Every structure is written in C-alpha cells, then in structure tokens.
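Secondary and tertiary structure notes
Listed below, chain by chain, are the residues.
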Amino acid sequence: MMLPAAQMRLVSQFSRMAIESQMVIGMRMAGMMGLMPHDPGENYRMIAEKQAAASESMFAMAKAGMAGASPERVMSAALRPYGKRTRANSRRLTSGK
C-alpha cells in the first residue's frame, strides 16, 4: 500500500512533467509553423530523445524493481528520465537564444 506522502510525490513528479511536456509541444509546434525561431535539427531531436528516454526509463525501472524497491519508487524511477528531458527542453526552448 502506498503512503499518502509517496502518492503526493509521485503525482507532483508526473504533473510537473506533464505541464513541461505540453509547453515543449506547443513551442515546437510554433517553431514548425514559423511563429518562433526553430533549430533545423529540432524535428529529428524530438524523435531521437524519445527513444533514448524510453530505453533509459525501462532500464531504471528494471534496476529499481530488481533491487526490491517499492512500487512507487519503481514508478518514480521510470518517470525520471522523461522528466529530465522535458525540463531540459522547456528551459532550452524558452531561453530565447
């Protein structure tokens, strides 16, 4: 059974990642439409980073599971690679170059 504090940490981690990913999607779409500056490699980057995040996430989840971590720790480990990338993308795209 998950403790309420663990649930709140997991929900806040997921919520932050969801908000940042929506910002990144909006900025990338604006860049594709020519409404804001857009790096030429951005379209390739958004595909390639998802593959890397997925493999890193699966590895982190398996590692936490094999170490006997609790379900919330396993889920948190799975979200961490995605959160790291969405945070970095959000900062990079909002920096204004």
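Residues numbered from 1 in each chain as written. Predicted model: local features only at pLDDT ≥ 70, side-chain atom pairs only at ≥ 80, totals over all residues. Heavy atoms only, no water.

Turning to the environment of Ala64, a few remarks are in order. Residue position: Ala64 is located in helix 2 (residues 42–66). Measuring from C-alpha to C-alpha, the distance between Ala64 and Val74 comes to 5.5 Å, with 10 residues separating the pair along the chain. In contact with Ala64, not counting residues within four places along its chain, are Ala69, Val74 and Ala77. (Helix = DSSP H or I, 4+ residues; strand = E, 2+ residues; numbered from the N terminus. Contact = heavy atoms within 4.5 Å.)

A word on the environment of Lys84. Positionally, Lys84 belongs in helix 3 (residues 71–94). Note on Lys84: relative accessible area 44%, which makes it partly exposed. As for Lys84 and Ala53, which are separated by 31 residues in sequence, their C-alpha atoms are 9.0 Å apart. (Buried < 20%, exposed > 50% of the residue type's maximum accessible area, 1.4 Å probe, protein only.)

The next thing to look at is the side chain of Glu72. If you trace the backbone, Glu72 turns up in helix 3. The side chain of Glu72 sits in the buried core without any salt bridge; Arg73 is the nearest counter-charge, 5.8 Å away. Residues within four places of Glu72 in sequence aside, it is in contact with Met2, Ala6 and Leu10. (Lys, Arg positive; Asp, Glu negative; His and termini not counted. Salt bridge = Lys/Arg side-chain N within 4 Å of Asp/Glu carboxyl O.)

A contiguous nonpolar surface patch, about 450 Å² in accessible area, is contributed by Ile25, Met29, Met33 and Leu35. As for its placement among the helices and strands, Met33 is situated in the loop between helix 1 (4–32) and helix 2. Overall, the relative accessible area of 57% leaves Met33 in the exposed class. (Patch = residues over 30% accessible without salt bridge, like charges linked within 9 Å, V, L, I, M, F, W, Y side chains within 5 Å. Areas by Shrake-Rupley, 256 points an atom, 1.4 Å probe, with all protein chains shown as cover.)

The next thing to look at is the side chain of Glu42. Topologically, Glu42 is positioned in helix 2. At a separation of 2.9 Å, a polar atom in the side chain of Glu42 contacts the side chain of Arg92. (Polar contact = N/O pair within 3.5 Å; in protein donor to acceptor, adjacent residues only side chain to side chain.)

This part covers the pattern of salt bridges. This structure, assessed with the given rule, holds five salt bridges. Residue Arg28 is joined to Glu49 by a salt bridge in which the shortest nitrogen-to-oxygen separation is 3.0 Å. A residue pair is termed long-range when its members are at least 10 positions apart, and Arg28 in helix 1 and Glu49 in helix 2 qualify at 21 residues. In this pair, the class of Arg28 matches that of Glu49, namely buried. Measuring nitrogen to oxygen at the nearest pair gives 3.0 Å for the salt bridge that ties Arg85 to Glu56. Placement of Arg85 in helix 3 and of Glu56 in helix 2 is noted, with a sequence separation of 29 residues between them. For Glu56, a relative accessible area of 29% puts it in the partly exposed group. When salt bridges with common partners are traced through the structure, they connect Arg28, Glu42, Glu49 and Arg92 into a single cluster.

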